[in-house]
Each structure stands twice: as structure tokens, then as C-alpha cells.
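Given next are the chains, with one letter for each unit.
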Amino acid sequence: MPPVPDRSSPAETPVLLDRAEGVLTITLNRPAALNSFTQAMHGLLLPALDAAEADAQVKVVVITGAGRGFCAGQDLNDPAMAGTDGPPDVAAVIERYYRPLANRVRSMPVPVIAAVNGVAAGAGVNFALCCDIVIAARSASFIQAFSKIGLVPDCAGTWLLPRLVGRARALALAMTGDKLSAEEAVQMGLIWRCVDDAALGDEVKALAVRLAKMPSQALAQTRLALDAAMTMDFDAALVNEAQVQGRLGAAHDFVEGVSAFRAKRAPVFRDR
Ligand code: T3D
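Residues numbered from 1 in each chain as written. Predicted model: local features only at pLDDT ≥ 70, side-chain atom pairs only at ≥ 80, totals over all residues. Heavy atoms only, no water.

### Here we look at the nonpolar core
Membership of the largest hydrophobic core comes to 51 residues, with the highest contact counts inside it found for I26, F37, V61, V116, F127, F142 and L190. Excluding residues that lie within four positions of it along the chain, F37 makes contacts with H42, L45, C71, G73, Q74, D75, D78, Y98, L101, A123, G124 and F127. Core analysis: the next-biggest nonpolar cluster, separate from the first, contains 15 residues, A115, V204, L207 and V209 among them. (Core = buried A, V, L, I, M, F, W, Y, C linked by side-chain atoms within 4.5 Å. Buried < 20%, exposed > 50% of the residue type's maximum accessible area, 1.4 Å probe, protein only. Contact = heavy atoms within 4.5 Å.)

This is the structure:
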């Protein structure tokens, strides 16, 4: 299969990594094609997340895009999409790339922040929505573009959308493929907040550094417990809370958090 034209300068790699103060920033870097996913990008993105999982120094992951877009979903010029002698094997692409990517983000041992700097479309939106906290620039937009090319929302869109905004809005967003502004996305509960474009970097950095100092394991378990409770009845959720608290209560970070509170000092968390 021939390589996908990169659309970024030859010197550029489709995924950039930067680590500072316990925060790994992953930048999707094909700005000329709005950072749409290629096989080359997938080939760097998942391993970067795997490496972050294994690296105890990484306390928070931030995902953002280079240039004016966040991510326009699958690169529609990618040979994997175009097929060769017949229709493309879309299911194989989903199984190979998007299912592992969505599962990877949702199972990270640390918080994952999406810093949506511009338009997010197709799998690009749902990749962002897989993250724990989504902050967007005010000029960013969200487009469930799938229906326009004869597909359904993927990268966990069918699971996420109704849970985030309810069935009526999820269906309308997915069926129309209409563009949603960042402010509308906040009002709808699709994302956490939007900020002025010029403030996005500073806001995300401040949040990421703050979360990096918090108890990573408890934050990751919070995600798991909330998601698990979505399919539990009331008492089952209470039982699960007791079990999770039981594990966390026996761990270092709880002891440290309580000790630091009593001693009126800053805690130093380490569990992951
Ligand atoms: O097998 C499988 O792969 C299945 C997996 C599916 C998962 C999916 O994500 S399906 C959905 C794929 N994404 C889309 O359908 C979105 C397509 N893009 C757009 O609708 C528009 O580009 C946007 C609404 C996102 C932004 O519009 P606008 O006017 O701001 O920018 P533009 O001029 O359309 O795009 C700028 C450039 O990026 C342009 O290239 P050019 O003309 O300057 O050379 C455009 O072709 C390119 N680009 C944007 N999106 C994609 C893309 N190139 C390849 N693939 C893209 N998805």
C-alpha cells in the first residue's frame, strides 16, 4: 500500500510529543489536512499513548492539534479508506485503528485532556470526546461528519453521544452532521468549557499541571467508576463505590492525602 501524502512539510512528523512538569502533550501534526488521521499518524499515536501508560513520570496527557484544526477524522485520501480493487474494508480500519485508540484513551491510568484548538470532525470529534476533559477554543467547532459520507459515528461516538447529550440531541447531531460551535457544545454538555482562542494554551496548561499534582490513581478510578455506574442500578453503583474506595483507601495516596491534610502541608501523591 503506498504511503499517504503527508500534507505537512517533509521534516514534520505527524505526531509531536512534548513532556514538561509531568504533562505529556501529544500534538496531531498534519495541519494542511486539518490533522486528519493517516496510517502513519495512527502508527505513532497509539504507541505514544502506550508509552505514556508505562511511564510513571507522565501524570497527565494533553491532546491537541497543530494549525487551525484539531482533527478532521479519517484522512479520506488514505489508501486504507479508498480501497484498491473494490470497496474499502472499513470494519478492518475501525478494528485496527479506532477501536484500540478509543479503548486506549479510556483506559489511561492518568487524566487525558483534549485541547480542541479548531475544527474537529468525524472520528476527530469522538477521539476528543473519549478524553476525560475537553476544553475548546471559542472558534473551534464539532461536526459529526459521518452521515455526509454514508457512515455512522465511530471512535465510540455511538456510545458517547447519547450519554453526553441525550438521545434526541445525539441523533440530530449524528444525522444532520451540522456544525456545532464550541459555545453550543458547552451549553449542550458535550464538552467541559470553551475559552478565548488566545487563552487556550494557558488554560490547558494550568489545568494539566494542577491535575498532575493530584492522585492519578484516584482520578483514573473516578473515570472507571462513573462509566461503570452508567450501566448499573443504584445499589450496584453503591457496592462498586465501596469496593473502589476499599482499594484506594488501602493505597499510599489516601494515607498521604489525609496525613498532608492533618499536617497542613501539600501532599505528594505517587500511586498510578
Ligand atoms: O475506513 C475508514 O477510514 C473509516 C473511518 C472513518 C472515520 C471518520 O472520521 S469518517 C469522517 C471523515 N472526515 C470527514 O468527513 C470530514 C471531512 N472534512 C470536512 O468536512 C471539512 O474539511 C471540515 C468541515 C472539517 C473543515 O472545513 P474547512 O472549510 O474549514 O476546511 P477545508 O478547506 O475543507 O479543509 C482544509 C484542507 O484539509 C483541505 O485540503 P486542500 O483543499 O486545502 O488541499 C481538505 O481537503 C483537507 N481535509 C479536511 N478534512 C480532510 C482533509 N483531507 C483528507 N481527509 C479529511 N478528512
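### Quick look at the sheet that holds strand β4 (residues 69-71)
Strand order in the open sheet formed by four strands is β4-β6-β8-β9, and the pairing between neighbours is mixed. Lying at the two open borders of the sheet, with one neighbouring strand each, are β4 and β9 (179-181). Looking at each pair of strands side by side, their axes are set apart by 20° on average, direction ignored. The sheet contact formed by strand β6 (residues 119-121) and strand β8 (residues 141-143) spans two bridges and is parallel. When the sheet's bridge partners are listed, A121 is paired in β8 with I143. Sitting on the sheet, helix α4 (residues 123-130) is in contact with β4, β6 and β8, with an inclination near 100° to β6. (Pairing = 2+ DSSP bridges. Helix = DSSP H or I, 4+ residues; strand = E, 2+ residues; numbered from the N terminus. Axes fitted to C-alpha atoms, helices over the stretch in contact; angles between N-to-C directions.)

### Quick look at the pattern of salt bridges
Inspection of the entire model under this criterion finds 11 salt bridges. The partner of D75 in a salt bridge is R30, and the shortest N-O contact between them spans 3.0 Å. Of this pair, D75 sits in the loop between β4 and α2 (79-82) while R30 sits in the loop between β2 (23-28) and α1 (39-54), and the two are 45 residues apart along the sequence. What makes D75 buried here is its relative accessible area of 4%. Counted as one network, the salt bridges with shared partners bring together D50, E53 and R104. (Salt bridge = Lys/Arg side-chain N within 4 Å of Asp/Glu carboxyl O.)

### Section: the pairing of strand β3 (residues 60-65)
Of all six residues that make up β3, six are buried, and the element is covered over most of its length. Residue alternation in β3 divides its side chains into two sets, V60, V62 and T64 and V61, I63 and G65, and both sets are buried. Note that the unit made of β2, α1 and β3 has a crossover that is right-handed. Pairing analysis gives four bridges linking β3 to strand β5 (residues 112-116), with the strands arranged parallel. Paired with T64 across the bridge in β5 is A115. (Right-handed = clockwise from strand over helix to strand, strands pointing away.)

### Quick look at the side chain of Q74
Residue placement: Q74 occurs in the loop between β4 and α2. A polar atom in the side chain of Q74 sits 3.5 Å from the backbone oxygen of F37. (Polar contact = N/O pair within 3.5 Å; in protein donor to acceptor, adjacent residues only side chain to side chain.)

### Let's talk about the side chain of D271
Residue position: D271 is located in the segment after α11 (252-263). Of the side chains with opposite charge, R270 lies nearest to the buried D271, which makes no salt bridge, at 4.4 Å. Within the structure, the side chain of D271 is placed 3.0 Å from the backbone nitrogen of H252, a separation counted as a polar contact. One polar contact links the side chain of D271 to the main-chain amide nitrogen of D253, over a distance of 2.8 Å. (Lys, Arg positive; Asp, Glu negative; His and termini not counted.)

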